[in-house]
Amino acid sequence: MSGYVLGVDGGNTKTDYLLHTMDGALCAHLRAGTCSHEAIGMEGARREMGARIGELLAGRGLTCADVRAAAFGLAGVDQIYQKNALDDIVKALGFPNSVVMNDAFLGIKAGSESGVGVCSINGTGTAAGGIDAAGRWVQVGGMGATLSGDQGGGKYIASRTLGAVYDAVYRFGTPTALTARVLRRFGLSDAEELHCAISTQFQYGRAVTALEVTQLLFAASEEGDAVARGIVEEVAEALARSAAGCAVRLRFDGDIPVVLIGSVWTRGRHGPMMEHFRRCFERFAQKPCRLHVLEVPPAAGSVLWALELARGEVPDGKTRERVFADTRAL
């Protein structure tokens with residue numbers, strides 16, 4: 001089967017551009033900076049994607065006419081007007097047979113063999129997306145904790161964790177085992193120094209990362225600390241509300257595939273958070289689900305989606321494994 005497909009995974013910090021043959025073999029890969037319109041504007045996104053895709057194709061002696069389909073999973077595609085604007089940009093770049101969606105949807109194409117289901121992102125930030133067999137799609141979240149319930153992601157979880165310790169130290173909050181863990185990580189012997197340490201090492205410095213604080217939370221939760229477990233369950237329920245909010249607006253027969261992506265889900269793998277998420281999801285959606293932590297880069301989903309567009313059917317297992325093997329090696 002002649003021709004090529006293009007997959008693009010555009011995050012807030014980096015973008016992967018992948019060119020594959022119609023049987024799923026990787027031909028070329030280019031990693032560049034962000035193409036997010038939120039960072040560089042719509043015109044900047046057009047210039048950046050155009051330049052990088054041109055570079056990718058030129059390296060193989062190809063043009064856009066050689067690409068049978070293209071799939072773009074882009075951060076910041078949270079509203080229909082953003083999607084429409086980026087759709088127009090992609091088509092103007094020379095890809096009439098293309099799809100542009102939030103990068104949350106790449107998890108579904110990579111993590112669900114049927115290419116349908118719900119995806120929950122819990123990484124730097126959080127959002128949820130769903131696609132059903134009829135091609136209908138829904139996104140919930142992506143507008144912040146106050147507006148759209150994005151009470152997840154590493155930064156939010158770390159802030160809630162440090163906030164609980166701050167309350168325990170200064171504001172008559174519930175005593176928690178997190179206090180000792182946080183003081184040790186910040187190198188403090190005196191709790192009265194916590195205020196300054198949070199400011200200089202976390203809020204305005206990089207000595208202590210959100211992922212490190214999240215790991216402290218998970219360790220205390222595993223040991224049964226009530227405050228830590230409360231934060232874990234609060235976040236899990238918020239994420240489940242968004243994911244189930246997608247599910248009930250679509251149609252699924254039988255168990256709903258739910259793919260978990262993002263560093264908190266994939267690197268944290270905190271059992272109590274996943275189990276509480278599952279219970280809450282099934283309660284809200286009124287249907288059972290099958291959780292799957294994504295083991296491959298989300299960029300694989302962009303390639304599989306482009307192949308689905310080009311072939312007119314979901315790629316078979318052999319093709320999926322070939323794409324997975326290539327993208328794992330990036």
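Reading guide: rules and limits
Residues numbered from 1 in each chain as written. Predicted model: local features only at pLDDT ≥ 70, side-chain atom pairs only at ≥ 80, totals over all residues. Heavy atoms only, no water. Helix = DSSP H or I, 4+ residues; strand = E, 2+ residues; numbered from the N terminus. Expected span 1.5 Å × (residues − 1). Buried < 20%, exposed > 50% of the residue type's maximum accessible area, 1.4 Å probe, protein only. Pairing = 2+ DSSP bridges. UniProt positions renumbered as here; feature names shortened; annotations may be inferred. Axes fitted to C-alpha atoms, helices over the stretch in contact; angles between N-to-C directions. Parallel < 35°, antiparallel > 145°, perpendicular 65-115°, else oblique. Contact = heavy atoms within 4.5 Å. Nonpolar A, V, L, I, M, F, W, Y, C, P; charged D, E, K, R; others polar. 1 Å grid on protein atoms, 1.4 Å probe; cavity = no way out; pocket = protein on both sides within 12 Å on 5 of 7 lines; lining within 4 Å. Points joined across faces, edges and corners; volume = space filled by probe spheres on them.

With that out of the way, let us pick up helix α5 (residues 154-170). Taking 1.5 Å of rise per residue, 17 residues should cover 24 Å, and α5 covers 24 Å from first to last C-alpha, within 8% of that figure. Restricting attention to buried positions, one finds in α5 the residues G154, Y156, I157, A158, T161, L162, A164 and V165. In the segment just after α5, F172 is the residue with positive phi, at about 60°.

Turning next to the pairing of strand β2 (residues 14-21). Within β2, seven of the eight residues are buried, leaving the element largely enclosed by the surrounding structure. Of the pairings in the sheet, the one linking strand β1 (residues 4-10) to β2 comprises seven bridges and is antiparallel in character. Each residue of the ladder has a partner; that of V8, found in β2, is Y17. Hairpin geometry of β1 and β2 is characterised by an intervening segment of three residues between the two adjacent antiparallel strands. The turn linking β2 back onto strand β3 (residues 26-33) is made up of four residues, and G24 within it adopts a positive phi angle of 95°.

Per the UniProt record, "domain: ATPase BadF/BadG/BcrA/BcrD type" (unreviewed entry) is annotated on residues 6-267. Measuring from the first to the last C-alpha atom of residues 6-267 gives 28 Å, for a span that is 47% helix and 21% strand.

Two elements in contact, α5 and helix α6 (residues 178-185), have axes separated by 9 Å at closest approach and are oriented at 105°. As summarised for this structure, α5 and α6 are arranged roughly perpendicular, according to the angle between their axes. Of α6, the residues touching α5 (which contributes T161, L162, V165, A168 and V169) are L178, T179 and V182. Partitioned by chemical class, the residues of the contact of α5 with α6 number six nonpolar, two polar and no charged.

Now for unusual backbone geometry. At F172, a residue that is not glycine, the phi angle is positive and equals roughly 60°. One can find F172 in the loop between α5 and α6. Since its relative accessible area comes to 85%, F172 is described here as exposed. For R269, which is not glycine, the phi dihedral falls at a positive 45°. Of note, R269 is situated in the loop between α10 (263-268) and α11 (271-285).

The next point concerns the layout of surface pockets. Approximately 1,200 Å³ is the volume attributed to the largest pocket. The wall of the largest pocket is formed by 40 residues, among which G11, N12, D103, I121 and T124 lie closest to the centre. Sorting the residues of the lining of the largest pocket by element identifies β2, α2 (80-92), β7 (126-131) and α10 as the ones contributing at least two each. Ranked by residue count, the leading element in the lining of the largest pocket is α10, at three residues. Here the residues of the lining of the largest pocket sort into 14 nonpolar, 17 polar and nine charged. By volume, the second largest pocket is sized at about 390 Å³. When residues of the lining of the second largest pocket are traced back to their parent elements, those giving at least two are α5, α8 (210-222) and α10. Ranked by residue count, the leading element in the lining of the second largest pocket is α10, at three residues.

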